[in-house]
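Take a look at the letters that make up each chain.
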Amino acid sequence: MASNSTKSFLADAGYGEQELDANSALMELDKGLRSGKLGEQCEAVVRFPRLFQKYPFPILINSAFLKLADVFRVGMLGSLASIIPERKNAHHSIRQSLDSHDNVEVEAAVFAAANFSAQSKDFAVGICNKISEMIQGLATPVDLKLKLIPILQHMHHDAILASSARQLLQQLVTSYPSTKMVIVSLHTFTLLAASSLVDTPKQIQLLLQYLKNDPRKAVKRLAIQDLKLLANKTPHTWSRENIQALCECALQTPYDSLKLGMLSVLSTLSGTIAIKHYFSIASGNVSSSPRSSDLVRLAQECCYHNNRGIAAHGVRVLTNITVSCQEKDLLALEQDAVFGLESLLVLCSQDDSPGAQATLKIALNCMVKLAKGRPHLSQSVVETLLTQLHSAQDAARTLMCHCLAAIAMQLPVLGDGMLGDLMELYKVIGRSATDKQQELLVSLATVIFVASQKALSAEVKAVIKQQLESVSNGWTVYRIARQASRMGNHDMARELYQSLLTQVASEHFYFWLNSLKEFSHAEQCLTGLQEENYSSALSCIAESLKFYHKGIASLTAASTPLNPLSFQCEFVKLRIDLLQAFSQLICTCNSLKTSPPPAIATTIAMTLGNDLQRCGRISNQMKQSMEEFRSLASRYGDLYQASFDADSATLRNLELQQQSCLLISHAIEALILDPESASFQEYGSAGAAHADSEYERRMMSVYNRVLEEVESLNRKHTPVSYMHTACLCNAIISLLKVPLSFQRYFFQKLQSTSIKLALSPSPRNPAEPIAVQNNQQLALKVEGVVQHGSKPGLFRKIQSVCLNVSSTLQSKSGQDYKIPIDNMTNEMEQRVEPHNDYFSTQFLLNFAILGTHNITVESSVKDANGIVWKTGPRTTIFVKSLEDPYSQQIRLQQQQAQQPLQQQQQRNAYSRF
């Protein structure tokens, strides 16, 4: 019977076939918690997370936590600190439990005190003296003191509280010299300084003092660990003397483990503003040249150390110094950095161990940074990588390919030089179908795509396809095809997608691959465009549109309710509309030849007072084209705002598409519609920004060239001549000749963020309206939960949620009355900050007009940079405004009083006859 009852309550809680509402499911789980058998209690506890996922609302979660707290007692109270930080009865319970004689209760109270101190300023101020007394009390056991001291790290809410905590910690460090007490006190001291940001320089000096003078290795390791923490969090507080003292300690220590830790701190600092402080020449200080400093001497000594970690940090320090310091006499340091990187590369590329791979990543990152900061060193870096690729292990080869791709993206001129070596290597690798070999095939193909820059030659395509046919699996082929689409090699991508169509078992996957194949074919059609050949351009665009329409049909078929592919569909629709707008503009330009202005066009223009009318019908067509391109730019902006989870490269791609539309719109206005008031200043710095990809680089080059041509024509010739229309057509062809890049977000979503809204009151049936009297206001409560994927906040985080509530009248009932216009509509907006991914707010809505109203609640978010994103969702409910009983009674009484008068008037009218 017991097992049957367990099954029933689990099934009723939503884990079997039967579905219950939230309260019923919670009650059934509560039965399991109260069961006398430990197994049923444990099973009920395990089921709670599923209940929270299904009903993620505070009322249920708070109730569930209270029930769980009843099982786990005081320990659960500490976990609730973020939810009830200012609950006074909880504060009182913790203070009382600290004086308990039960050791388990005291430990739980210490845990709760630490959590509440981190969340509540009032609790921290109130508990600080209590904690100090217990720490200093002779009756308090040492083990309990070691647990109480870390609570002081949370005493950073104001300066007075932080000062008293620091005084106590300073006293503890001096009075209790035992290793455990010193370690706990110093670490708490560091965390307090890092949070309060007041005495960080003093804390750095204290840690350096212990590192230098304390003979215990455990204390030295703790000092190094805390120095690393402060180097990451507050590098600007490090003085030249601090770095010099750390260098001296590293030069003097005979222990490799300690030297590795100190070098780790120095390598962290070398990549920040602290390195410039260290080498800044103060007045009268001539000894701060990079060549003669202890930091450089230490790095040079460590570059060839037999410990890989020490060598990696030494090379990293040299690289950062070389890149950051702009002195002219750094030739020796540059050579030391290059030689150190080469030796580290040779050493780590032959080793498959995790430690060697981690060290190799540091070295390769330094190579990318060195090639970017010192471009004249990039050729030797690339040659070293290509030479070592042939003898390296597969795991190291993959990382080296990533490094080559990053360098080639920054310096495209190096691409042609490395292509031959890459193809030779591609022919000999891939003898087996292991995971590392498959990963290497993808990485090497990516480097080849980046290095080739333009269309792949037939020989390159043949080598890649032959290798893929022999050892690759379908997933590897898809990844390579995806990379080809991102790099603009659409002919290669189309062939690879075509080969995969028969290798998938799901029709949704088939339609997805088929749509990608059609899109690649559509973009491939645009590679045959040539300037000055406008009829050929029209036929190429028409052919591309044909394949795009086939692709969008397959893409729609590939979407499912769980994966609607909304971004992909909207992106492709915009591309289709943009190609159609380009085609229409070329036809409009050609109409100047096929339908020139009539002979009386000048007279009509003078009569109407519009000089543009002398150009004939082309002026109105150009105006429509300009509005169309502005509309497309606005739609690209809307798609940008809706793509909160997109990576930066995808967002930049959308910006480039939007800028293309604005460029053509501006060109039409500057050349034809309004040449006199056209301004080129706001577009002049368009190419000044650093381009992160070859696609962006080529697009920016097209923008600058088109703007120069438009500005030149604008100054020399009056509209509209064949030169103006030729300039517009050539601008379109130049934009389309740059192969479109399908970025990562089109294929893969690394960050997932969604908002779930709950409105109250809400009807049981969504189609039924909520009844409200017209003389009352409806209090609409909006609750929401922010839901994340596996990598929350990877690209951006939500700072606040904007809720917009609006209502519209659907249908009237009853007579029309004169109502103030303010009472006829509801349009409100509120911003709320989520707390633990939960937010709630209320709106007071007016429904003075009788009838059915439609209430729409739409949410958008603002990130940490203040950018607003239209993420949705959009929720709708219906409200029926009813006449209040008192007004209805008065109205009926008035009608009844008017009826005898109307009847008497009718009798009087009859009596006249």
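Just so we're clear, the structure is a prediction, and the values are computed from it rather than from any experiment. (Residues numbered from 1 in each chain as written. Predicted model: local features only at pLDDT ≥ 70, side-chain atom pairs only at ≥ 80, totals over all residues. Heavy atoms only, no water.)

**What to know about the overall build of the chain**
In step 1: Secondary structure assignment for the chain yields 37 helices and nine strands.
In step 2: Within the chain, the fraction of its 913 residues that count as buried is 49%.
In step 3: Of the contacts formed within the chain by residues at least 6 apart in sequence, a portion of 72% connects residues at least 24 apart.
In step 4: Counting every atom, the chain has about 44,200 Å² of accessible surface; 52% of that belongs to carbon and sulfur. (Helix = DSSP H or I, 4+ residues; strand = E, 2+ residues; numbered from the N terminus. Buried < 20%, exposed > 50% of the residue type's maximum accessible area, 1.4 Å probe, protein only. Contact = heavy atoms within 4.5 Å. Areas by Shrake-Rupley, 256 points an atom, 1.4 Å probe, with all protein chains shown as cover.)

**What to know about the packing of aromatic side chains**
Here a ring pair, both rings aromatic, is described through the centre-centre distance and the interplanar angle of the planes.
In step 1: Under the criterion given, the structure shown has 19 aromatic pairs.
In step 2: Measuring from ring centre to ring centre gives 6.2 Å for phenylalanine 571 and phenylalanine 742, while their planes differ by 65 degrees; the resulting arrangement is edge-to-face. One end of the pair, phenylalanine 571, is in helix H30 (residues 566-594); the other, phenylalanine 742, is in the loop between helix H35 (722-737) and helix H36 (744-747), and 171 residues separate them in sequence. The pair formed by phenylalanine 571 and phenylalanine 742 is uniform in burial state, with each residue classed as buried.
In step 3: Aromatic pair phenylalanine 582 and phenylalanine 629: ring centres 5.6 Å apart, planes at 40 degrees, arrangement tilted. Of this pair, phenylalanine 582 sits in helix H30 while phenylalanine 629 sits in helix H32 (residues 618-642), and the two are 47 residues apart along the sequence. (Phe/Tyr/Trp six-rings, centres within 6.5 Å; stacked < 30°, edge-to-face > 60°.)

**Some thoughts on the layout of surface pockets**
In step 1: As a volume, the second largest pocket reaches approximately 990 Å³.
In step 2: Surrounding the second largest pocket, 39 residues form its lining, Asn563, Pro564, Leu565, Gln568 and Lys749 being those nearest its centre.
In step 3: Breaking the lining of the second largest pocket down by element, the ones donating at least two residues are helix H26 (474-487), helix H28 (507-525), H30, H32, H36 and strand S1 (753-760).
In step 4: Residue composition of the lining of the second largest pocket, by class: 21 nonpolar, 14 polar and four charged.
In step 5: Of the domains in this structure, domain 2 (519-681 + 689-746) and domain 3 (753-812 + 820-895) are the two that each give at least three residues to the lining of the second largest pocket. (1 Å grid on protein atoms, 1.4 Å probe; cavity = no way out; pocket = protein on both sides within 12 Å on 5 of 7 lines; lining within 4 Å. Points joined across faces, edges and corners; volume = space filled by probe spheres on them. Nonpolar A, V, L, I, M, F, W, Y, C, P; charged D, E, K, R; others polar. Domains from an automatic or database assignment.)

**Details of the packing of helix H15 (residues 256-270) against helix H18 (residues 308-324)**
In step 1: The geometry of H15 relative to H18 is characterised by a closest axis approach of 9 Å and an angle of 25 degrees between their N-to-C directions. Judged on the interaxial angle alone, H18 and H15 are roughly parallel. In the packing of H15 onto H18, the handedness of the crossing is left-handed. On H18, the residues touching Asp256, Lys259, Leu260, Leu263, Ser264, Leu266, Ser267 and Ser270 of H15 are Gly309, Ile310, His313, Arg316, Val317, Asn320 and Ser324. (Axes fitted to C-alpha atoms, helices over the stretch in contact; angles between N-to-C directions. Parallel < 35°, antiparallel > 145°, perpendicular 65-115°, else oblique. Left-handed = near helix turned anticlockwise from the far one by under 90°.)

**Observations concerning unusual backbone geometry**
In step 1: In this structure, proline 761 follows serine 760 across a cis peptide bond, with omega equal to 0 degrees.
In step 2: Relative to the helices and strands, proline 761 is located in the loop between S1 and strand S2 (770-773).
In step 3: Cis peptide bonds are those with omega within 30 degrees of zero, and the linkage from glycine 872 to proline 873 qualifies with 5 degrees.
In step 4: Mapped onto the secondary structure, proline 873 falls in the loop between strand S8 (868-869) and strand S9 (874-882).
In step 5: Unusually for a residue other than glycine, asparagine 836 sits at a positive phi of about 55 degrees.

**Some remarks on helix H7 (residues 103-119)**
In step 1: Helix length check: H7, at 17 residues, gives a terminal C-alpha distance of 25 Å against a target of 24 Å (1.5 Å per residue), a fit within 8%.
In step 2: When we look at burial in H7, the residues that qualify are Val106, Ala108, Ala109, Val110, Ala112, Ala113, Ala114, Phe116 and Ser117. (Expected span 1.5 Å × (residues − 1).)

**Observations concerning the pattern of salt bridges**
Side chains that carry opposite charge are capable of pairing whenever their charged atoms lie near each other.
In step 1: For the structure on display, the rule yields 28 salt bridges.
In step 2: The residue aspartate 351 makes a salt bridge to arginine 308 at a minimum N-O spacing of 3.2 Å. Here arginine 308 lies in helix H18 and aspartate 351 lies in the loop between helix H19 (331-348) and helix H20 (354-373), a separation of 43 residues in the sequence.
In step 3: Taking relative accessible area as the criterion, aspartate 351 reaches 25% and is therefore assigned partly exposed.
In step 4: Among the charged side chains, a salt-bridge network with shared partners connects Lys461, Lys465, Asp491 and Glu495. (Salt bridge = Lys/Arg side-chain N within 4 Å of Asp/Glu carboxyl O.)

**Considering the environment of valine 782**
In step 1: The topology assignment puts valine 782 in strand S3 (residues 777-788).
In step 2: A residue is classified by how much of its surface remains accessible, and valine 782, at 0% relative accessible area, is buried.
In step 3: Once the C-alpha coordinates of valine 782 and serine 840 are considered, the two residues, 58 residues apart in sequence, prove to be 5.5 Å apart.
In step 4: In contact with valine 782, other than residues within four places in its own chain, are Leu757, Ala758, Leu759, Leu803, Phe839, Ser840, Thr841, Phe843 and Val857.

**Observations concerning the sheet that holds S3**
In step 1: As summarised here, the arrangement of the three strands in space is S1-S3-S6, forming an open sheet in which the pairing is antiparallel. The sheet terminates laterally at S1 and strand S6 (838-846), the two strands that pair on one side only. Each neighbouring strand pair of the sheet contributes to a mean axis angle of 25 degrees, computed without reference to strand direction. (Pairing = 2+ DSSP bridges.)

**Some remarks on the confidence of the model for the chain**
Do not read the predicted coordinates in detail wherever pLDDT is low.
In step 1: Looking at the chain, the pLDDT average stands at 85 and 88% of residues meet or exceed 70.
In step 2: Within the chain, the lowest mean pLDDT, 39, falls on helix H1 (residues 2-15), and the highest, 96, falls on H28.
In step 3: Predicted confidence for residues 1-19 stays below pLDDT 50, and this span has 27 contacts to residues more than four positions away or in other chains.
In step 4: This stretch, residues 684-688, has a pLDDT under 50; its non-local contacts, to residues over four places away or in other chains, come to four contacts. (pLDDT = per-residue confidence, 0-100.)

**Considerations on the environment of proline 201**
In step 1: Mapped onto the secondary structure, proline 201 falls in helix H12 (residues 200-213).
In step 2: Since its relative accessible area comes to 36%, proline 201 is described here as partly exposed.

**Some points on empty space enclosed by the protein**
A probe as big as a water molecule, rolled over the atoms, marks out the empty space that is left.
In step 1: Tallied over the entire structure, the rule returns five cavities of 30 Å³ or more.
In step 2: By volume, the largest cavity amounts to about 70 Å³.
In step 3: What lines the largest cavity is simply Arg575, Leu578, Phe582, Gln657, Ser660, Tyr695, Met699, Leu735, Leu736, Val738 and Leu740.
In step 4: If you list the elements that add at least two residues to the lining of the largest cavity, you get H30, helix H33 (648-673), helix H34 (694-716) and H35.
In step 5: Tallying contributions element by element places H30 first for the lining of the largest cavity, with three residues.
In step 6: In terms of residue class, the lining of the largest cavity is made up of eight nonpolar, two polar and one charged.

**With respect to helix H21 (residues 378-389)**
In step 1: Along its twelve residues, H21 runs 16 Å from first to last C-alpha, staying within 8% of the 16 Å computed at 1.5 Å per residue.
In step 2: Ser378, Val381, Val382, Thr384, Leu385, Leu386, Gln388 and Leu389 are the residues of H21 that are buried.
In step 3: Buried positions along H21 lie against H19, H20, helix H22 (394-410) and helix H23 (415-428).

**Structural notes on a negative patch on the surface**
In step 1: Where like charges cluster on the molecular surface, the negative patch consists of Glu531, Glu532, Glu708 and Glu709.
In step 2: Assignment of secondary structure puts glutamate 708 in helix H34. (Patch = residues over 30% accessible without salt bridge, like charges linked within 9 Å, V, L, I, M, F, W, Y side chains within 5 Å. Lys, Arg positive; Asp, Glu negative; His and termini not counted. Charge placed at Lys NZ, Arg CZ, Asp CG, Glu CD.)

**With respect to the side chain of serine 660**
In step 1: Inspection of the secondary structure puts serine 660 in helix H33.
In step 2: What serine 660 contacts, discounting residues up to four positions off in sequence, is Met699, Tyr703 and Leu735.

**Some details on the state of the cysteines**
In step 1: Taken as a whole and judged by the stated rule, the model has zero disulfides.
In step 2: Not part of a disulfide, cysteine 302 finds its nearest cysteine sulfur in cysteine 303, a span of 7.6 Å.
In step 3: Residue classification places cysteine 303 among the buried positions, given a relative accessible area of 3%. (Disulfide = S-S within 2.5 Å.)

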